[in-house]
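Coordinate analysis (summary)
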Amino acid sequence: MKNWAGNFEFSAKRVHRPTSVDEVRQVVSKAEKARALGTRHSFSLIADTPFDLISVEHLTAIEPVDREQSTVAIEAGVSYGQLAPILDRQGFALHNLASLPHISVVGACATSTHGSGEKNKSLSAAVRAMEIVTAEGDLVTLSRNVDGDRFLGAVVGLGGLGVVTRVTLDVQPAFTMRQQLYERLPFSDLEQHFDEVEDAGYSVSLFTDWKTDSINQVWVKQRDMGDIPPALFGATLAQVDRHPIGDLSPVNCTKQMGVPGPWYERLPHFRMAFTPSSGEELQSEFYVPRAQALDALREVQKLSSRITPVLQISEIRAIAADDFWMSPSYRRDSIGIHFTWEKDWAGVSALLPDLQEALRPFRARPHWSKLFTMSPQPLYERLSDFHALLQSYDPKGKFRNPFLDQFVF
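The residue numbering used here restarts from 1 in each chain and proceeds along that chain's sequence as written. The predicted nature of this model means local features are confined to residues of pLDDT at least 70 and side-chain atom pairs, given and counted, to a pLDDT of 80 or more, with totals for whole chains, interfaces and linings taken over all residues. Where side-chain values are given, they derive from all heavy atoms of the structure, hydrogens and water being excluded.

As a further point, take the overall build of the chain. The helix and strand inventory of the chain stands at eleven helices and 19 strands. Our radius of gyration is a C-alpha quantity, and the globule rule it is checked against amounts to 2.2 Å times the number of residues to the power 0.38. On C-alpha atoms alone, the chain measures out to a radius of gyration of 20 Å, which is about the 22 Å that the 2.2 N^0.38 rule sets for 409 residues. Based on the C-alpha atoms only, the size of the chain along its principal axes is roughly 60 × 50 × 35 Å. Here, two residues are considered to be in contact whenever any of their heavy atoms come within 4.5 Å of each other. Within the chain, contacts between residues at least 6 apart in sequence are counted, and of these 73% link residues at least 24 apart. Within this scheme the basic residues Lys and Arg register as positive and the acidic residues Asp and Glu register as negative, but His and the chain ends are omitted. Charged groups are reduced to one reference atom each: NZ for lysine, CZ for arginine, CG for aspartic acid, CD for glutamic acid. Distance between charge centroids for the chain: 3 Å, based on 42 positive and 50 negative side chains. In this description a helix means any DSSP run of H or I spanning at least four residues, a strand means any run of E spanning at least two, and both kinds are numbered starting from the N terminus.

Okay, here's the thing in structure tokens:
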């Protein structure tokens, strides 16, 4: 069994597909070592284990929205693409979505996956409570209101506390959005107007291939239904739908050209019914402090001649600060510099050390489920607390795997 991108094969001796929480508890209690498995969209080995994989794909219950509390409770196998239309039919929405609706909610939250937006925190910020099957098969509940700081350590848990079987999420009233694209934004204009560009919509993504002195595309997702400006500084309004990778068909992308639609059909870049992105790729992403974004981008530009031969497209987007111990945006507003690579690990792995070194002065934190070779440990001030938290729930290391051993421990 391979991950979504097909860049690695899972090494587990056994794969379990329980259909209930009780079955999860039985599998966990009997396993020597185990890891939970969601939609397999990680590019890193974060979910792998040589022992027992526990797929949550059959845990798909979605409860009706609790209108009094403005929350929804879901099981761990639910993807954003499954949850969003059900929420919308009840008149509710999530605060943000990732580029792909295909990924599982629990997996995204455990790795601090994010969407975009100056004021939007990572997807983990919606979690109000969670249920976890711990190493002895016990079912433990943690909540924001009751568990405080411990909860902030557990939400971005990297699969180390146990198998998350259910989460309760904050929701808000449903809203309408539109999406329009601007093309060829000169980098000099971006430097002069970075704040205005990032604040041009509820969610803004910049795409570049680093081949020229301009940003290829600026995707602006707005809740404001006023007039659409014909230009964004030096960038002009696109006259046709676009894919982020210029030579690919936009058919699998969400609707553009300023056409209004429900939040869940505009916030992602890609439609649930189609293969996301290009499907043949590797990915890396590094979070740098929002205040140092332009300096970091200039350093990346210096490596453009080495980046472009192995790159499909790069995305630049804002993430608001949060308080989750192992979140790459922990207590700092951030800019994510994302790389969609060609499926060429030899070429990418040769480049990554130099790219990471260029971003080291900015204390760039890598996305946990994407590809990196650096040690993130010095970048997390709550790391020792996180070690203690994992030890308290998993004293014998049942949920530790080679990835956690290398990059967390």
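Structure's up, so let's keep going.
Burial in helix H10 (residues 383–393) covers these residues: Leu383, Phe386, Leu389, Leu390 and Tyr393. Relative to the axis of H10, the buried residues are bounded by an arc of 115° and lie together on one face. Looking at the packing, one finds that the buried side of H10 touches strand E7 (139–143) and helix H4 (144–154). Each residue's exposure class comes from its accessible area (1.4 Å probe, protein chains only) as a fraction of the maximum for that residue type: buried when under 20%, exposed when over 50%, partly exposed otherwise. As used here, the arc belongs to the directions running from the helix axis to the C-beta atoms.

Now for the layout of surface pockets. Here the largest pocket is characterised by a volume of approximately 380 Å³. Space inside and on the surface of the protein is sampled on a 1 Å grid over the protein atoms alone, with a cavity defined as a set of points where a 1.4 Å probe fits but cannot get out and a pocket as an open set with protein on both sides within 12 Å along at least 5 of 7 lines; lining residues have an atom within 4 Å of a point. If you go around the largest pocket, you meet 22 residues; those closest to its centre are Phe43, Ser44, Leu45, Trp345 and Leu371. Broken down by element, the residue count for the lining of the largest pocket peaks at four residues, all from helix H11 (residues 402–407). Across the lining of the largest pocket, the residue classes break down as eleven nonpolar, seven polar and four charged. Grid points are joined across faces, edges and corners, and a volume is the space filled by probe spheres set on the points. Looking at the second largest pocket, its volume works out to about 310 Å³. For this scheme, ten residues count as nonpolar: Ala, Val, Leu, Ile, Met, Phe, Trp, Tyr, Cys and Pro. Four count as charged, namely Asp, Glu, Lys and Arg, and the remainder, Gly too, count as polar. In terms of residue class, the lining of the second largest pocket is built from seven nonpolar, nine polar and three charged.

Throughout this description, the term salt bridge denotes a Lys or Arg side-chain nitrogen within 4 Å of a carboxyl oxygen of Asp or Glu. Taken as a whole and assessed by the stated rule, the structure comprises 22 salt bridges. The partner of Arg14 in a salt bridge is Asp52, and the shortest N-O contact between them spans 2.9 Å. Pair noted here: Arg14 is in strand E1 (residues 14–16) and Asp52 is in strand E3 (residues 52–55), with a separation of 38 residues, a long-range link. By relative accessible area, which is 39% here, Arg14 ends up partly exposed. Members of the salt-bridge network, linked through shared partners, are Glu63, Glu131 and Arg166.

Here we take up the side chain of Glu183. Mapped onto the fold, Glu183 is located in strand E10 (residues 176–186). Glu183 sits in the buried class, given a relative accessible area of 9%. What qualifies as a polar contact is a pair of N or O atoms within 3.5 Å, subject to a donor-acceptor requirement within protein and to the restriction that residues adjacent in sequence count only when both atoms come from side chains. Only 2.7 Å separates the side chain of Glu183 from the side chain of Arg242, close enough to count as a polar contact. What Glu183 contacts, discounting residues up to four positions off in sequence, is Ile215, Asn216, Ala235, Thr236, Ala238 and Arg242.

Under the counting rule described, the total for this entry stands at three cavities of 30 Å³ or more. Taken as a whole, the second largest cavity encloses approximately 40 Å³ of empty space. Lining the second largest cavity we find Leu97, Ala98, Ser99, Gly115, Ser116, Ser203, Ser205, Lys221, Leu267, His269, Glu315 and Arg317. Among the secondary structure elements, those contributing two or more residues to the lining of the second largest cavity are strand E11 (203–208) and strand E17 (311–319). Of the residues in the lining of the second largest cavity, the class split is three nonpolar, six polar and three charged.

Moving on, we come to the pairing of strand E16 (residues 282–289). Summarising burial for E16: eight of the eight residues are buried, a large majority. As judged from the eight bridges shared by E16 and strand E18 (residues 334–341), these two strands associate in the antiparallel manner. From the neighbouring strand, Glu285 faces E18, where its bridge partner is His338. Whether two strands pair comes down to DSSP finding at least two bridges between them.

Once that is clear, we can look at the packing of aromatic side chains. Whether two aromatic rings pair depends on their centres lying within 6.5 Å, for rings of Phe, Tyr and Trp, where Trp uses its six-membered ring; planes under 30 degrees apart make the pair stacked, over 60 edge-to-face, and the rest tilted. Counted according to the given criterion, the structure contains twelve aromatic pairs. Measuring from ring centre to ring centre gives 5.5 Å for Trp368 and Tyr380, while their planes differ by 35°; the resulting arrangement is tilted. Highlighted residues: Trp368 in the loop between strand E19 (365–366) and H10 and Tyr380 in the loop between E19 and H10, separated in sequence by twelve residues. We classify Trp368 as buried; its relative accessible area is 1%. A network of ring pairs unites the aromatic residues Trp368, Phe372, Tyr380, Phe403 and Phe407 as a single cluster. For the cation-ring pair, Arg223 lies above Phe175, with the distance from its terminal atom to the ring centre recorded as 3.7 Å. Charge over a ring is defined by NZ of Lys or CZ of Arg lying within 6 Å of the ring centre and within 35 degrees of the ring normal.

With that settled, the discussion passes to the nonpolar core. In terms of nonpolar packing, the biggest core is built from 122 residues, with Leu169, Val218, Trp263, Phe339, Trp341, Leu359 and Trp368 touching the most fellow members. Looking at which element gives the most residues to this core, the answer is helix H9 (residues 345–359), with six residues. Throughout this description, the term nonpolar core refers to a set of buried Ala, Val, Leu, Ile, Met, Phe, Trp, Tyr and Cys residues connected via side-chain atoms within 4.5 Å. Listed in part, the five residues of the second largest apolar core include Phe8, Phe10, Ala47 and Leu53.

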